[in-house]
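The residues making up each chain are set out below.
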Amino acid sequence: MTAVQPATGQQATVHPATVQPTAVQPTALMSGRYQRAFTIAVVFLVAGWHLAGAGGQLLHNRLAYASFAFQGAMWLVMALAIGAGSVLVLRGALGWRRAWAVAVIALAASTAAAAASPAGQMLAVNWAWGSAGWTGVLVLLRRRFSELACFLAAEALAVLSVQLWDGLHRTDLAGFLAVFAWSTGAQVAVAAGVRALDVAADQAAAAARSEEAARERAATAEIISVARHARWLALQESAVPLVAELAAGTADPGDAQVRVRCAVQAARLRRLLAEGDEVPGPLVHELHASADVAERRGVAVEIETAGQLPQVPGPARRVITDAAILILTAARSKARITLAAVAAGIAVSFVADTGAVVRLPPAGEGVAIEQQQDGGMLWAEARWNNR
Amino acid sequence: MEQQVTVAIIEDHPVVTEGVASWIRSDPGQRVRLVQTARDLTGLRGTARLSDVVILDLELSGELVTAQIPELVAAGYRVVAFSGHSDPAIVMETLDSGAHAYVSKEEGRDHLVEAVLAAAADRPYVTRSQARAMLADQRPARPTLSEQERQALLLWFQGMSKASVGRRMSVSENTVRQYISRARAKYAATGRTAPSKDALLARAIEDGVIKPGEIVPYQSFARAVAEGPSLGAPGQ
């Protein structure tokens, strides 16, 4: 019995130290946090490209365009598409409708800008191809790779169509292929890189998660094993040898001594089982402790309660437990302790085969003690009144 | 010699059935005869009553069977509940359903055969675990027990013999039995109606345990107030 108490104590110390961290679930957040960081990096890359790269080219070639105002307007449309796309991707995974809406706006703006560029000079003054491609990367980054490939192909096709419309020269085709290789290559490389990092972050999180789960399992197993071990120890030193003797035939159930031992162990097992499923107050707990001591001497002790027991203050509890110790010490083979809720207080009674009158401590602290001897049986009642 | 009381054991653990059968066999007067054992209640349904009393384990195959007690009682069986559950709420539910007595598995050896005999005679039988449940009862519809009845139940629950209770209360052992039986009879007069409860009450009146006027179920208090000549508004 006493061995069970350290088990609960152990539970209180082991549990917070090893198990509580899992309550925060850092692993679940981890991969999400990395993915967000990659998204932010891509947002900065795309915005930086559009502002510095495309914007710089637009200003540098401002005199070459037929209408700088139109190119500027398209640049703004692209900037708005990038802004909207950034907000959407930072909010979370994009549905295909929104992602493709942004992508199509970028494609349309870039095609319009290319079409409005002077023929023959289009590739040289084109600011929009790169921006449109990057916008596609931004919004299609976490969708299927084929979607991004389709978009980049459509973008390249649109630029090529404009060139064909303008009349394609051999040198123009070479330029197209060069820009295509450089720009689209970079965009594909970034998208693939982010994808690889996502996978790595997922794997790291999964590894951490399984490590965390393993640690939690280990901690739980330890708590269970400590409690089980304590219970096992308690039975090992008492009930198990008795059962072994009975099985081996060295203990004879016909022997009164053996029957007493059986009764004691049965009472002990009952109390072990009963203690777990109720939350007794300190008085019940203290009486259990006294019963443990008596049990070691071979006294079978029952403890029963009736009704909602009031909380008994410390000094009154001491008077009651002092009486309990005296009676249980005098008990020869069995004792019954009951705690009953009575009007305005509690009646703690003891019935035990003490054989003789037990000198009980004087009443005090609001506790009145009465006793009666009938043959070898003692009845005593400690009644605490809260009035 | 009186006629033997016949009993059936409904219990899902064969070893417990065997133990109960051995208690019945070892009764010196051979007052009880075991006529049937079963692991569930299906054998008792739809057939003529096979025994006077049923010893019923309240948990069969992991399920509480308190709800089946009224059916058994209606079929004419007297039910003695025999259970490892000592939760006062379950004990009260069992008695309210019409069971005659409640015997916990720890009390079986000393009380089961006596409880069966009492049930067959429609006489009250109160075990310590039953006294505990009656003392702990806080339901609004509980019967009003007198101070002596409460005190007798408390001392009995505490573990005293009835003779010791009598000495403690300065009354005869017989009077102690009377107090405890009267408390039990009051319970038979409250809650759900059941033929077994009516029989117990009728027998208690016949035996002089309780007078018809002493049966004061909870509801009649309100009635008394309403009918009282000088008491106008209820609650005054």
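Residues numbered from 1 in each chain as written. Chains lettered and ligands numbered in written order. Predicted model: local features only at pLDDT ≥ 70, side-chain atom pairs only at ≥ 80, totals over all residues. Heavy atoms only, no water.

## Details of the overall build of chain B
Filter applied, for reference: A run of H or I in DSSP becomes a helix once it reaches four residues, and a run of E becomes a strand once it reaches two; helices and strands are each numbered from the N terminus. Burial classes: relative accessible area under 20% of the type maximum marks a residue as buried, over 50% as exposed, and values in between as partly exposed (1.4 Å probe, protein chains only). Throughout, a contact is declared for two residues whenever any of their heavy atoms are within 4.5 Å. Calculation of accessible area relied on Shrake-Rupley with a 1.4 Å probe; when residues are assessed, cover is drawn exclusively from the protein chains displayed.
Check the secondary structure of chain B and you find 10 helices and seven strands. Relative to its full complement of 236 residues, chain B shows a buried share of 50%. The contacts of chain B with a sequence gap of at least 6 include a subset with a gap of at least 24, amounting to 67%. Approximately 11,100 Å² of chain B is accessible, and the part contributed by carbon and sulfur atoms is 51%.

## Quick look at the environment of B:Gly62
With respect to the helices, strands and loops of the structure, B:Gly62 is situated in the loop between strand S4 (59–60) and strand S5 (63–64). Spatially, the C-alpha atom of B:Gly62 lies 9.3 Å from that of B:Asp12, the residues being 50 residues apart in sequence.

## Observations regarding the nonpolar core
Test applied: Nonpolar cores were defined as sets of buried Ala, Val, Leu, Ile, Met, Phe, Trp, Tyr and Cys residues, with membership established by side-chain atoms within 4.5 Å.
Counting residues in each nonpolar core, the largest one holds 49 residues, and the members touching the most others are B:Ile10, B:Leu41, B:Leu56 and B:Leu153. For B:Leu41, the residues in contact, after removing those within four places along its chain, are B:Ile10, B:Leu56, B:Leu60, B:Val65, B:Gln68 and B:Leu72. Counting residues in hydrophobic clusters, the runner-up holds 38 residues, among them A:Ala113, A:Ala128, A:Ala132 and A:Val137.

## Focus: helix H7 (residues 162–169) of chain B
Among all positions of H7(B), only B:Lys162, B:Ser164, B:Val165, B:Gly166 and B:Met169 are buried. The inward-facing, buried residues of H7(B) abut strand S4 (367–374) of chain A together with helix H6 (147–158) and helix H8 (173–188) of chain B. Two residues or fewer past H7(B), B:Ser170 is found with a positive phi of approximately 55 degrees.

## With respect to a nonpolar patch on the surface
Here is the rule: Residues enter a patch when their relative accessible area is above 30% and they make no salt bridge; the linking distance is 9 Å between like charges and 5 Å between nonpolar side chains (Val, Leu, Ile, Met, Phe, Trp, Tyr). Only one rule defines a salt bridge in this text: a Lys or Arg side-chain nitrogen within 4 Å of an Asp or Glu carboxyl oxygen.
A cluster of nonpolar residues, A:Leu164, A:Leu168, A:Leu173 and A:Leu177, forms a patch on the protein surface that exposes about 330 Å² of accessible area. The topology assignment puts A:Leu177 in helix H8 (residues 170–236).

## With respect to the sheet that holds strand S1 (residues 300–306) of chain A
Residue and element names in this part refer to chain A. Rule in force here: A pair of strands is considered paired only if DSSP assigns at least 2 bridges between the two. The convention used is that axes are lines fitted to C-alpha atoms, helices contributing only their stretch in contact, and that angles between N-to-C directions extend from 0 to 180 degrees.
Here five strands make up an open sheet; going across it, the order is S1-S2-S3-S5-S4 and the pairing mixed. Of all strands in the sheet, those bounded by a partner on one side alone are S1 and S4. For this sheet the average axis-to-axis angle between neighbouring strands, irrespective of direction, equals 15 degrees. Pairing of strand S3 (residues 345–352) with strand S5 (residues 377–385) involves eight bridges; the strand directions are antiparallel.

## Regarding the confidence of the model for chain A
Where the model shows low pLDDT, its predicted coordinates should not be examined in detail. All names here are of chain A. To keep things clear, this is the line we draw: pLDDT measures how confident the predictor is about each residue, on a scale from 0 to 100.
Within chain A, residue pLDDT values average 80, and 85% of them lie at 70 or more. Looking over chain A, one finds the lowest element-wise mean pLDDT in helix H1 (residues 4–18), namely 38, and the highest in S3, namely 95. Contacts of residues 1–25 to residues separated by more than four positions or lying in other chains number 38 contacts, the stretch itself having pLDDT below 50.

## Describing the sheet that holds strand S6 (residues 78–83) of chain B
The strands that make up a sheet are held in pairs by hydrogen bonds between backbone atoms, and each pair lies either parallel or antiparallel. Residues and elements named next belong to chain B. Pairing is parallel in the open sheet, where five strands are placed in the order S2-S1-S3-S6-S7. Two strands bound the open sheet, and with one partner strand each, they are strand S2 (32–38) and strand S7 (101–104). On average, adjacent strands in this sheet sit at an angle of 25 degrees to one another, irrespective of strand direction. Bridging between strand S1 (residues 5–10) and strand S3 (residues 53–57) involves four bridges; their strand directions are parallel.

## As for the pairing of S4(A)
Residues and elements named next belong to chain A. Sheet topology note: the S4/S5 ladder contains eight bridges and is antiparallel. Bridge pairing in S5 links Glu370 to Glu381. Hairpin connection, S4 to S5: the antiparallel pair is bridged by two residues, and Gly375 has positive phi, about 65 degrees.

## Quick notes on the packing of aromatic side chains
Residue and element names in this part refer to chain A. Rule in force here: Side-chain rings of Phe, Tyr and Trp (the six-membered ring for Trp) are treated as a pair once their centres are within 6.5 Å; stacked means planes under 30 degrees apart, edge-to-face means over 60, and tilted covers the remaining angles.
Taken as a whole and assessed by the stated rule, the structure comprises six aromatic pairs over all chains. Residues Trp100 and Phe151 carry aromatic rings whose centres are separated by 6.2 Å and whose planes lie at 70 degrees to one another, so their mutual orientation is edge-to-face. Here Trp100 is found in helix H4 (residues 96–115), whereas its partner Phe151 is found in helix H7 (residues 145–166), with 51 residues between them in sequence. A residue is classified by how much of its surface remains accessible, and Trp100, at 23% relative accessible area, is partly exposed. Residue class for Phe151 comes out buried when judged on its relative accessible area of 1%. Pairing Trp129 with Phe176 gives two aromatic rings, centres 5.2 Å apart and planes at 20 degrees, and the pair type is stacked. A residue pair is termed long-range when its members are at least 10 positions apart, and Trp129 in helix H6 (residues 128–140) and Phe176 in helix H8 qualify at 47 residues. On the basis of relative accessibility, which here comes to 4%, the residue Trp129 falls in the buried class.

## Side note on the packing of H4(A) against H6(A)
For any two helices packed against each other, one specifies the inter-axial angle together with the distance between the axes. Residues and elements named next belong to chain A. Keep this limit in mind: To sort the angles, those under 35 degrees are grouped as roughly parallel, those over 145 as roughly antiparallel, those from 65 to 115 as roughly perpendicular, and the leftovers as oblique. Three residue categories are used. Nonpolar comprises Ala, Val, Leu, Ile, Met, Phe, Trp, Tyr, Cys and Pro, charged comprises Asp, Glu, Lys and Arg, and polar comprises the others, including Gly.
For the pair H4 and H6, interaxial distance at closest approach is 9 Å and the crossing angle is 175 degrees. Between H4 and H6, the crossing angle belongs to the class labelled roughly antiparallel. Here Ala99, Trp100, Val102, Ala103, Ala106, Ser110 and Ala113 of H4 come into contact with H6, specifically with Ala128, Ala132, Thr135, Val139 and Leu140. Class assignment of the residues belonging to the contact of H4 with H6 gives a composition of 10 nonpolar, two polar and no charged.

## Some remarks on unusual backbone geometry
Residues and elements named next belong to chain B. Its identity is not glycine, yet Gln30 carries a phi of approximately 50 degrees, on the positive side. Relative to the helices and strands, Gln30 is located in the loop between helix H1 (14–25) and S2. Assessed through its relative accessible area of 36%, Gln30 is described here as partly exposed. Positive phi outside glycine occurs at Ser170, with the angle close to 55 degrees. Of note, Ser170 is situated in the loop between H7 and H8. What makes Ser170 exposed here is its relative accessible area of 66%.

## Considerations on the pattern of salt bridges
Scanning the entire structure with this criterion turns up 26 salt bridges over all chains. Among the salt bridges present, the one from A:Arg143 reaches A:Glu147, with a minimum N-O distance of 2.8 Å. Like A:Glu147, A:Arg143 is buried. With a closest N to O distance of 2.5 Å, B:Arg168 and A:Glu370 form a salt bridge.

## So, helix H5 (residues 128–136) of chain B
The element H5(B) is extensively covered by neighbouring structure, given that nine of its nine residues are classed as buried. Where H5(B) is concerned, the buried positions are B:Arg128, B:Ser129, B:Gln130, B:Ala131, B:Arg132, B:Ala133, B:Met134, B:Leu135 and B:Ala136. Looking at the buried side of H5(B), the elements it contacts are S1 and strand S2 (334–342) of chain A together with helix H3 (88–96), S7, H6 and H8 of chain B.

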